[in-house]
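Tertiary structure, described
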Amino acid sequence: MTHGELKGENGFVKAAEKIGIVIGNEANNTERLAKDVDKQVAKFRSLIGKRLYGVAGSPKFDIYDADFGWGSPLKYEAVAIDGYGSMSLSQSPKFSGGLEIGLSLHRAKMEAFSKILSAGLTEANFT
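Here the structure is a predicted model, which means the values were calculated and not measured.

1. Some thoughts on the sheet that holds strand 2 (residues 86–91)
Note: strands within a sheet are paired through backbone hydrogen bonds, in either parallel or antiparallel orientation. Overall, mixed pairing links the three strands, which are arranged 1-2-3 in an open sheet. Bordering the open sheet on either side are strand 1 (54–57) and strand 3 (99–104), each of which pairs with just one other strand. Taken over all neighbouring pairs, the strand axes of this sheet differ in orientation by 20 degrees on average, direction set aside. The sheet contact formed by strand 2 and strand 3 spans six bridges and is antiparallel.

2. Thoughts on unusual backbone geometry
For Asn10, which is not a glycine, the phi torsion comes out positive at approximately 60 degrees. With respect to the helices and strands, the residue Asn10 is situated in the loop between helix 1 (3–7) and helix 2 (11–27). A relative accessible area of 47% places Asn10 in the partly exposed class.

The rules behind the values
- Residues numbered from 1 in each chain as written.
- Predicted model: local features only at pLDDT ≥ 70, side-chain atom pairs only at ≥ 80, totals over all residues.
- Heavy atoms only, no water.
- Pairing = 2+ DSSP bridges.
- Helix = DSSP H or I, 4+ residues; strand = E, 2+ residues; numbered from the N terminus.
- Axes fitted to C-alpha atoms, helices over the stretch in contact; angles between N-to-C directions.
- Buried < 20%, exposed > 50% of the residue type's maximum accessible area, 1.4 Å probe, protein only.

Now the structure itself:
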């Protein structure tokens, strides 16, 4: 499905239908699901106790230019980062070439990050 189709009439509905078909096909593909399952389990087991960080989105996806019939979004929040140790990236709606970053951390870590970021921006003369 193209970006133009998503922006067009009934784009949201068409996307939902397409996603449903893909999920249905993947969920019923037992051969693909079972392939190398032992190797996948071992691979993920080796990550236990390691520092992992999730990233959702991309600045290449022009999320603020999307219009599914009710106008462009005013604010984008990636629900995929509604956990701890994740971030989202998207194009800035306010600055050409800018980057909008969403971050999800425990409160103490978020406060520490905020102080470090603020100090770094001040030092770089961005404030």
